[in-house]
Amino acid sequence: MKKEITLDKVISSAPDLILYAAPIMIGLALLEFYFSWKTKRDLYEKKDFLTSLTIGLVYILQGLVTKSIMFGLVLWVYNSVSWSIPVNWFTSILCFVVLDFCRYWAHRYGHEVNFLWATHVTHHNSEKYNLSTSFRLSWTQQIKVIFFIPISFLGFHPVVFFICHQIAVLYQFWIHTELIDRMPKWFSFFFVTPSHHRVHHGRNENYLDKNYGSTFIIWDRMFGTFEPETEKSIYGIIDQPKHFNPVKHVFHVWVDIFKNMRRAGSIKKALWIFVAPPSSLEKNPGKKDA
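To keep things clear, this report deals only with the structure shown in the data block. Since this is a predicted model, take the numbers as computed values, not measurements. (Residues numbered from 1 in each chain as written. Predicted model: local features only at pLDDT ≥ 70, side-chain atom pairs only at ≥ 80, totals over all residues. Heavy atoms only, no water.)

## Re the packing of aromatic side chains
- Applying the stated criterion across every chain yields a total of 29 aromatic pairs.
- Between Y104 and Y212, the ring centres sit 6.0 Å apart and the planes meet at 80°, which makes this aromatic pair edge-to-face. With Y104 in helix α4 (residues 89-112) and Y212 in the loop between α9 (194-201) and α10 (218-223), this pair connects stretches of sequence that are 108 residues apart. Considered together, Y104 and Y212 belong to a single accessibility category, that of buried residues.
- Of the aromatic side chains, those joined through ring pairs into one cluster are F101, Y104, W105, Y109, F147, Y212, W219 and F223.
- For R221, the ring lying beneath its charged end belongs to F226, and the centroid distance is 4.2 Å. (Phe/Tyr/Trp six-rings, centres within 6.5 Å; stacked < 30°, edge-to-face > 60°. Helix = DSSP H or I, 4+ residues; strand = E, 2+ residues; numbered from the N terminus. Buried < 20%, exposed > 50% of the residue type's maximum accessible area, 1.4 Å probe, protein only. Lys NZ or Arg CZ within 6 Å of the ring centre and 35° of its normal.)

## Details of helix α2 (residues 17-39)
- Compared with an ideal rise of 1.5 Å per residue, which puts 23 residues at 33 Å, α2 spans 32 Å between its outermost C-alpha atoms and is within 8% of the ideal.
- Largest kink in α2: about 35°, centred on P23.
- Within the span of α2, buried status applies to I18, A21, A22, M25, A29, E32 and S36.
- On the buried face of α2, the contacting elements are α3 (46-80) and α7 (158-174). (Expected span 1.5 Å × (residues − 1). Bend = angle between axes of the 7 residues up to and from the residue. Contact = heavy atoms within 4.5 Å.)

## Some words on the pattern of salt bridges
- Summed over the entire model, instances satisfying the criterion amount to eight salt bridges.
- Taking the shortest distance from any N to any O, the salt bridge between E127 and R203 comes out at 3.0 Å. Linking E127 in the loop between α5 (114-118) and α6 (149-154) with R203 in the loop between α9 and α10, this pair joins segments that are 76 residues apart in sequence.
- Relative accessible area serves as the criterion here: at 39%, E127 is assigned to the partly exposed category.
- On the basis of relative accessibility, which here comes to 23%, the residue R203 falls in the partly exposed class.
- One salt-bridge network, held together by shared partners, links D181, R182, R198 and E229. (Salt bridge = Lys/Arg side-chain N within 4 Å of Asp/Glu carboxyl O.)

Here it is as structure tokens:
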């Protein structure tokens, strides 16, 4: 019979890799900032960098609190099933692949459903693309933990899951740069590269809603969302904010959603707005009340 795992044991056994890596990532971003300034590459804008840094630091601090909630939910599911997958190098790799598959769909629906877009838009609302862009992780994105419940249900050990999850998040760091052009073809066929992810961050018409892969680009090739980099990306979102307020960058779509829901006229319409595609969302609807 499977032995039940406690929350304290999971937290003590799962190292906080992102917390340890944060000073290194900030240092590399500062180095890229300096290189951009020295070579006049215009990769950074000072206020934009400070916005990204603020959002990222708050996300890390917030994670110290929300981690227990996420651990608790994943652990509850794992303890609720009678089966488990043994922990070894093969099953750890398998867990990472399954996790990446779930991350693809979490990311894809994060662009296709209003309330999930609200948890993700923060990562896209910069008109610059550099290492600091990877710091823009929304303070509400923990909602997407629902996409990872199947991993616990399958019986993957919670500690293995959280280590894999952190490695996947750290992988995202290096692909946020314009300094790396193209990777070898064999690598680019399987793995997400800076070139792939520049496309994902572009608001060019042919780049919209493409290349959702987190670590593996093969999911995009399989599900018809792959797009190669053929032109320079125009970064940002369609309704681009014209400020550098980190709080507004995190919550502006949430504000639009609830304003639209308040004006919906019925509960049915309000619920539809909550789950409708972002393209249906009326921006700043409160202006009509003036």
